[in-house]
Amino acid sequence: MEYRAKGSFEWLTWLLLNGLIWTGVIGVAWNLLKPGGWLYWSLDLIERNQPTSYYYLGLGVLGLLAGKFWLDSVDPRAVYHLLTATGAFAGTFYILSLLLHL
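In this text the structure is predicted, and so the values were computed from the model without any measurement.

## What about the overall build of the chain?
The number of helices and strands found in the chain is four helices and zero strands. When the elements of the chain are put in sequence order from the N terminus, they spell out α-α-α-α. The C-alpha atoms of the chain give a radius of gyration of 18 Å, which is well past the 13 Å a tight globule of 102 residues would have. Expressed as lengths along the three principal axes of its C-alpha atoms, the size of the chain is roughly 55 × 45 × 15 Å. Here the chain holds 102 residues, and the buried ones make up 16% of them. Within the chain, counting contacts between residues at least 6 apart in sequence, those at least 24 apart form 50% of the total. Accessible area of the chain: about 8800 Å², with a carbon and sulfur share of 73%.

## Thoughts on the layout of surface pockets
Computed from the structure, the largest pocket encloses a volume of approximately 160 Å³. Lining the largest pocket, in full, are G24, G27, V28, N31, W38, F89, A90, F93, Y94 and S97. Sort the elements by how many residues they give to the lining of the largest pocket and helix α4 (residues 78-100) lands first, with five residues. Looking at the lining of the largest pocket residue by residue, the class counts come to six nonpolar, four polar and no charged.

## Some remarks on the pattern of salt bridges
A complete count under the given rule lists two salt bridges for this structure. With a shortest N-O distance of 2.9 Å, D44 and R48 are connected by a salt bridge. With D44 and R48 both in helix α2 (residues 38-48), this residue pair falls four residues apart, about one helical turn. A salt bridge links K68 to D72; the shortest N-O distance between them is 2.5 Å. Within this pair, K68 and its partner D72 are both found in helix α3 (residues 50-74), separated by four residues, close to a single helical turn. Classification of K68 by relative accessible area gives partly exposed; the value is 37%. Of the residues examined, D72 reaches a relative accessible area of 27% and is grouped as partly exposed.

## Focus: a nonpolar patch on the surface
On the surface, Y54, Y56, L57, L59, V61, L62, L65 and F69 cluster together to form a nonpolar patch covering roughly 890 Å² of accessible area. With respect to the helices, strands and loops of the structure, L59 is situated in helix α3. Owing to a relative accessible area of 55%, L59 belongs among the exposed residues under this scheme.

Criteria and cut-off values
- All residue numbers here refer to positions counted from 1 along the written sequence of the relevant chain.
- Only residues with pLDDT of at least 70 get local features here, since the model is predicted, and only at 80 or more are side-chain atom pairs given and counted; chain-wide, interface and lining totals rely on the full set of residues.
- For side-chain calculations, the full set of non-hydrogen atoms in the structure is used, while hydrogens and water are omitted.
- Here a strand is any run of E in DSSP of at least two residues, a helix any run of H or I of at least four, and the numbering for each starts at the N terminus.
- The globule rule used for comparison is 2.2 Å times the number of residues to the exponent 0.38, while the radius of gyration itself is calculated over C-alpha atoms.
- A simple rule labels every residue: compare its accessible area, found with a 1.4 Å probe on the protein chains alone, to the largest value its type can have, and call it buried under 20%, exposed over 50%, or partly exposed in between.
- Residue contacts follow a heavy-atom distance rule, with two residues in contact if any of their heavy atoms lie within 4.5 Å.
- The method behind every accessible area is Shrake-Rupley, applied with a 1.4 Å probe, and residues are considered shielded solely by the protein chains displayed.
- A cavity, in this analysis, means grid points on a 1 Å lattice covering only the protein atoms where a 1.4 Å probe fits yet has no way out; a pocket is instead an open set bounded by protein on both sides within 12 Å along at least five of seven lines, and a residue lines either one if it has an atom within 4 Å of a point.
- Grid points are joined across faces, edges and corners, and a volume is the space filled by probe spheres set on the points.
- For this scheme, ten residues count as nonpolar: Ala, Val, Leu, Ile, Met, Phe, Trp, Tyr, Cys and Pro. Four count as charged, namely Asp, Glu, Lys and Arg, and the remainder, Gly too, count as polar.
- Any carboxyl oxygen of Asp or Glu within 4 Å of a side-chain nitrogen of Lys or Arg constitutes a salt bridge here.
- Exposure above 30% relative accessible area and the lack of any salt bridge qualify a residue for a patch; like charges then connect within 9 Å, and the nonpolar side chains Val, Leu, Ile, Met, Phe, Trp and Tyr within 5 Å.

This is the structure in structure tokens:
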């Protein structure tokens, strides 16, 4: 592997992508853990519909595992690329939702 200097455009693109990914991670964590957030809402929904919710939760986990194994068979880094794109989209969405309140 040889050393290659990054140009200013490539460096700014890398900085923007990592900034959006971390903003997305922070935004998802905030919406998940805040009072009345997604985690509390999901746990309340599971508790109210106990037998049926456990089946759907199990099917969801099996579906996620099947999707991961399928993506790994397509390309070993496909899950990484999918999480990168999802994190960047979540960061963009979180920034825009904050700007919407202004």
